[in-house]
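Residue-level structure breakdown
The chain contents come next:
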Amino acid sequence: MPRLVFSGLDVGRIRFAIMPFQEVLKAARGLGLRHPPPGLAGWRHSVRPLLPAAARPVLALCGAHPRHLPDFLTPQPPARPWSFEDELSAALDDPAAPVMADTVAFADVLRSTVPVVDDLIQHPDEGRRILERSFVALHRAVLAADWPRMQAQLAADVSYRARLAARHGVAAMLDTLCPQFVRWRYPYLEFAGPPAADHALDGRGLVLVPSMFLTDGVHRQLNDRQQPMLFYPARTAAEFWRDGARFAGPDGRLAGPLGVHRAVLLRTLAARPGLGTGEVAAALGVAPSTASAHVARLRRDGLVMTVRSARNARHELTPLGWQLLDANIA
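Report follows, based on the coordinates. (Residues numbered from 1 in each chain as written. Predicted model: local features only at pLDDT ≥ 70, side-chain atom pairs only at ≥ 80, totals over all residues. Heavy atoms only, no water.)

1. Notes on the overall build of the protein chain
Looking only at helices and strands, one finds 16 helices and 11 strands in the protein chain. Taking 20 Å as the expected radius of gyration for a compact globule of 330 residues, we find that the protein chain reaches 21 Å, a close match to that expectation. Taking the principal axes of the C-alpha coordinates as reference, the protein chain spans close to 60 × 50 × 40 Å. Of all 330 residues assigned to the protein chain, the portion counted as buried reaches 49%. For the protein chain, long-range pairs separated by at least 24 residues make up 67% of all intrachain contacts whose partners lie at least 6 apart in sequence. Of the roughly 15100 Å² of accessible surface on the protein chain, a fraction of 54% belongs to carbon and sulfur atoms. Side chains of the protein chain give 38 positive and 30 negative charges; the mean places of these two sets differ by 7 Å. (Helix = DSSP H or I, 4+ residues; strand = E, 2+ residues; numbered from the N terminus. Rg over C-alpha atoms; globule rule 2.2 N^0.38 Å. Buried < 20%, exposed > 50% of the residue type's maximum accessible area, 1.4 Å probe, protein only. Contact = heavy atoms within 4.5 Å. Areas by Shrake-Rupley, 256 points an atom, 1.4 Å probe, with all protein chains shown as cover. Lys, Arg positive; Asp, Glu negative; His and termini not counted. Charge placed at Lys NZ, Arg CZ, Asp CG, Glu CD.)

2. Regarding the environment of V295
Residue placement: V295 occurs in helix α15 (residues 288-300). Considered as a pair, V295 and H315 are 20 residues apart in the sequence and their alpha carbons are 8.0 Å apart. Those residues in contact with V295, other than ones at most four positions away along the chain, are L265, V280, V304, T306 and H315.

3. A short note on the packing of helix α7 (residues 115-122) against helix α8 (residues 124-142)
In the contact formed by α7 and α8, the axes pass within 5 Å of each other and the chain directions differ by 135°. For the element pair α7 / α8, the angle class is oblique. Helix-helix and strand crossings are classified by hand; for α7 and α8 the assignment is left-handed. Two secondary-structure elements touch here, α7 through V116, D119, L120, I121 and Q122 and α8 through P124, G127, R128 and L131. Looking at side-chain class alone, the contact of α7 with α8 contains five nonpolar, two polar and two charged residues. (Axes fitted to C-alpha atoms, helices over the stretch in contact; angles between N-to-C directions. Parallel < 35°, antiparallel > 145°, perpendicular 65-115°, else oblique. Left-handed = near helix turned anticlockwise from the far one by under 90°. Nonpolar A, V, L, I, M, F, W, Y, C, P; charged D, E, K, R; others polar.)

4. Focus: the sheet that holds strand β4 (residues 188-191)
Note on sheets: strands pair through backbone hydrogen bonds, and any given pair is parallel or antiparallel. Taken together, the four strands give an open sheet; going across it, the order is β3-β4-β1-β5, and neighbouring strands pair in mixed fashion. Looking at which strands have only one partner, the edges of the open sheet turn out to be β3 (182-185) and β5 (199-200). When strand β1 (residues 3-5) meets β5, the two strands line up parallel, connected through two bridges. Bridge pairing in β5 places L4 opposite H199. (Pairing = 2+ DSSP bridges.)

5. A look at the sheet that holds strand β2 (residues 14-16)
Reading across from one edge, β2-β6-β8-β7 is the order of the four strands in this open sheet, with mixed pairing throughout. For this open sheet the edge positions go to β2 and β7 (219-221), each flanked by a neighbour on one side alone. The mean angle between the axes of side-by-side strands here comes to 25°, regardless of whether they run parallel or antiparallel. Across five bridges, strand β6 (residues 206-211) lies against strand β8 (residues 229-233) in parallel orientation. Its bridge partner lying in β8, L208 is registered against L230. Where helix α2 (residues 20-32) meets the sheet, its contacts fall on β6, β7 and β8, and the angle it forms with β6 comes to roughly 55°. In the packing of helix α9 (residues 147-168) onto the sheet, the strands contacted are β2, β6 and β8, and the crossing angle to β6 comes to about 135°.

6. Some words on the pairing of β8
With respect to burial, β8 is a largely interior element, five of its five residues being buried. The side-chain alternation of β8 yields two buried faces, one formed by M229, F231 and P233 and the other by L230 and Y232. Note that β7 and β8 share three bridges and pair antiparallel. The residue bridging H219 from the neighbouring strand is F231, located in β8.

7. Here we look at α9
Over its 22 residues, α9 extends 31 Å from the first C-alpha to the last, a length consistent with the 32 Å expected when each residue adds 1.5 Å. Just beyond α9, the residue with positive phi is G169, at close to 100°. (Expected span 1.5 Å × (residues − 1).)

8. Some points on the packing of aromatic side chains
According to the stated counting rule, one finds seven aromatic pairs in the structure shown. With a centroid separation of 4.7 Å and 75° between ring planes, the pair formed by F21 and F135 is classed as edge-to-face. Pair noted here: F21 is in helix α2 and F135 is in helix α8, with a separation of 114 residues, a long-range link. With a relative accessible area of 0%, F135 lands in the buried category. Arranged with centres 5.9 Å apart and planes meeting at 65°, the rings of W184 and Y186 form a pair that is edge-to-face. Owing to a relative accessible area of 8%, W184 belongs among the buried residues under this scheme. Given a relative accessible area of 53%, Y186 falls into the exposed group. Among the aromatic side chains, those forming a connected cluster through ring pairs are F6, W184 and Y186. Positioned above the aromatic ring of Y188, the side-chain terminus of R3 is 3.7 Å from the ring centre. Directly above the aromatic system of F231 lies the positively charged group of K26, at a separation of 4.1 Å from the ring centroid. (Phe/Tyr/Trp six-rings, centres within 6.5 Å; stacked < 30°, edge-to-face > 60°. Lys NZ or Arg CZ within 6 Å of the ring centre and 35° of its normal.)

Take a look at the structure:
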């Protein structure tokens, strides 16, 4: 198994990121490969009729190799949250991005030529514009409507692992990151993949990125110009697709005991802690008075706490609320 080599400094420089554009890449991979990754067959069957012609270049690129993509498509995530548009711009609009070098390196691992790859090499500027239009078209067709639910799943994954690290240490978090594909034995983080030389992190730390579409392994981004990244299946990804959660509405298993709106409210606060009542109302699509009533009910049940400052009230989950989400996250 390939291994990342940690120093003590690296252990203290682990961080998480949610990367919406990378989820589009993973979705395109799931659509473009000859055989779908585990759990995605039903989703792939349902969305293929929705695919616009403009999405074809992205599907061809992401289906060209089961593990690799040009590195410039995975920009370094900042500390702040990214939108799909921010991340897409960072990947395709940065004039300093080594599009040519990364694409040539990608072409070297392909068994056959792919027109979109040839376009990127021969006409990098126009190739980027074609890809940008293709990514936007794919995002709108198959991911944008479902993104709030997926983002809540990813945010819950990150929050769970952050709490695990805080309570039991970073080693416990890494040891349970993805047991079927990842194994932690200090100073090595081993992961499933073709044999490769050890990669020393050299004090740069590691960015851990959960994915809903990555169900068949882990992906890595290792080069000399970025902080190393490891993409892994979110802890609820397999169940999310197996249960057909994408087609079941926004409530999941929590709707039974809580009701649809309060179930969505819990997931919303997991993804966006500290929302005010007006922001909760906007997220739920209800009147502020209705949102206030839902918050009050969850607060009485011990699932939400409200922090007041002057005339402002901010809401977030209690430990009991997090435990309920952990048990019913799908």
